[in-house]
Amino acid sequence: MARGGRGRHLGLALGLLLALLLAPPALRAKPTVRKERVVRPDSDLGERPAEDNQSFQYDHEAFLGKEDSKTFDQLTSEESKERLGKIVDRIDSDGDGFVTTEELKTWIKRVQKRYIYDNVAKVWKDYDRDKDDKISWEEYKQATYGYYLGNPTEFQDTSDHHTFKKMLPRDERRFKAADLDSDQTATREEFTAFLHPEEFEHMKEIVVLETLEDIDKNGDGFVDQDEYIADMFSHEESGPEPDWVLSEREQFNEFRDLNKDGKLDKDEIRHWILPEDYDHAQAEARHLVYESDKNKDEKLTKEEILDNWNMFVGSQATNYGEDLTKNHDEL
């Protein structure tokens, strides 16, 4: 995908974030220089910069993160190509020997969905303490905040105290939004909506509200340009702003602030972070076809895919290569 146009995953499990906050300072992740919230529509494909390992990594990490993007390193190039060839046969659903953009999009959506549900399955047992195949709000609260709630004096004079105090009611609000039958327990589907709200239509207002609360530092209910930039960029040194920051200021004025009042309201934030006219899987599929289609017939042969194997084993089409390390029957 085009460099500089990717967003961080909005459905980060809050329990993992809080686990980091409980860790000793030396083990906590440091703030990044630049943060992004939105998957942005691609620029014209013909205007993309040449692909390299760095741009592959940037594109791939935006959706699934660094850990999964490294899995294909477990295989030699020959092994990767062999297993990728078997996956191509699965993607080619009509068996005509070609992979179309539509077939790739369908496969990518399947991979995305499987990743989300696999992610929930991995953490389920940590929260379902009574093993009744449901997670109550009380179970989640104790698993995530239990130490803090049981030892409040340890956090009284730390920044973590304010973090927990803020996150606990926010988590509860999100849990209630995901709990469609309002029984204070979450089924697997409801818990999936809790951990990955951006994937569920009824949770998108929560995503918008949490984004506003994160960025709106002066508490006026809007995001002004400085708050918008501060969320992406930490100006740790004196001197001029980088060119990309100046570009983002222009983006704010021209494309984010739709009513030109100098700030973003909830509707404008939603338009920014959850663009309705953007299909992530479609964009990734178009990208893969464009970069690999040597004869420009707008479809791919297995040979064309294998010739560009390095892009595919690190793309969403193979879950960043994770599919290549699994038994083929699992797919």
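Because the structure is a prediction, the values reported are computed rather than measured.

## Considering the pattern of salt bridges
When the charged atoms of two side chains lie near each other, side chains of opposite charge can form a pair. The final tally for this structure, using the stated rule, is 17 salt bridges. One salt bridge in this structure joins glutamate 102 and lysine 105, with 3.5 Å as the shortest N-O distance. You can see glutamate 102 and its partner lysine 105 sitting in helix α5 (residues 101-127), 3 residues apart, about one turn around the helix. Lysine 105 gets classed as buried once you look at its relative accessible area, which sits at 15%. Here aspartate 214 makes a salt bridge to arginine 170, at a shortest N to O gap of 2.9 Å. With aspartate 214 in helix α9 (residues 204-215) and arginine 170 in helix α7 (residues 159-178), the pair connects residues that are 44 residues apart, well separated along the chain. Assigned by exposure class, aspartate 214 and arginine 170 land together as buried. Each of Arg170, Arg173, Glu213 and Asp214 takes part in one network of salt bridges that share partners.

## Quick notes on the side chain of lysine 204
Tracing the sequence through the fold places lysine 204 in helix α9. For lysine 204, a relative accessible area of 19% corresponds to the buried category. Sequence-distant contacts of lysine 204, that is, excluding residues within four places in its chain, are made with Pro197, Glu198, Arg270 and Leu274.

## Quick word on unusual backbone geometry
Backbone phi values are negative for most residues with the exception of glycine, while trans is the configuration of most peptide bonds. A positive phi angle, near 55°, is found at serine 182, a position not held by glycine. Looking at the element boundaries, serine 182 is found in the loop between α7 and β3 (185-186). The backbone of lysine 296 sits at a positive phi, close to 55°, despite the residue not being glycine. Positionally, lysine 296 belongs in the loop between α13 (280-292) and β6 (299-300).

## Quick look at the UniProt feature "domain: EF-hand" (unreviewed entry) in the chain
Here the UniProt feature "domain: EF-hand" (unreviewed entry) sits at residues 79-114, 115-150, 166-201 and 203-238. Each end of residues 115-150 is marked by a C-alpha atom, and these two atoms are 34 Å apart; helix forms 75% of the span and strand 6%. From the first C-alpha to the last, residues 166-201 spans 25 Å; its make-up is 58% helix and 6% strand.

## Here we look at the packing of aromatic side chains
In total, this model carries 14 aromatic pairs according to the counting rule given. Aromatic pair tyrosine 228 and phenylalanine 252: ring centres 5.2 Å apart, planes at 55°, arrangement tilted. Of the two residues, tyrosine 228 is situated in helix α10 (residues 225-232) and phenylalanine 252 in helix α11 (residues 243-256); the sequence distance between them amounts to 24 residues. The structure contains a cluster of three or more aromatic residues connected by ring pairs, namely Trp124, Tyr127, Trp137, Tyr140, Phe175, Phe191 and Phe194. Sitting above the plane of the phenylalanine 98 ring, lysine 299 keeps its charged end 4.2 Å from the centroid.

## What about the packing of α7 against α9?
Relative orientation and spacing of two packed helices are given, respectively, by the angle between their axes and the distance between those axes. It is at 11 Å that the axes of α7 and α9 come closest, and there the two elements cross at 165°. Between α7 and α9, the angle is such that the two are roughly antiparallel. The crossing of α7 and α9 is right-handed. Between α7, through Lys166, Arg170, Arg173, Arg174 and Ala177, and α9, the contact on the second element is made entirely by Ile206, Leu209, Glu210, Glu213 and Asp214. Its residues placed into classes, the contact of α7 with α9 shows 3 nonpolar, no polar and 7 charged.

The rules behind these values
Residues numbered from 1 in each chain as written. Predicted model: local features only at pLDDT ≥ 70, side-chain atom pairs only at ≥ 80, totals over all residues. Heavy atoms only, no water. Salt bridge = Lys/Arg side-chain N within 4 Å of Asp/Glu carboxyl O. Helix = DSSP H or I, 4+ residues; strand = E, 2+ residues; numbered from the N terminus. Buried < 20%, exposed > 50% of the residue type's maximum accessible area, 1.4 Å probe, protein only. Contact = heavy atoms within 4.5 Å. UniProt positions renumbered as here; feature names shortened; annotations may be inferred. Phe/Tyr/Trp six-rings, centres within 6.5 Å; stacked < 30°, edge-to-face > 60°. Lys NZ or Arg CZ within 6 Å of the ring centre and 35° of its normal. Axes fitted to C-alpha atoms, helices over the stretch in contact; angles between N-to-C directions. Parallel < 35°, antiparallel > 145°, perpendicular 65-115°, else oblique. Left-handed = near helix turned anticlockwise from the far one by under 90°. Nonpolar A, V, L, I, M, F, W, Y, C, P; charged D, E, K, R; others polar.

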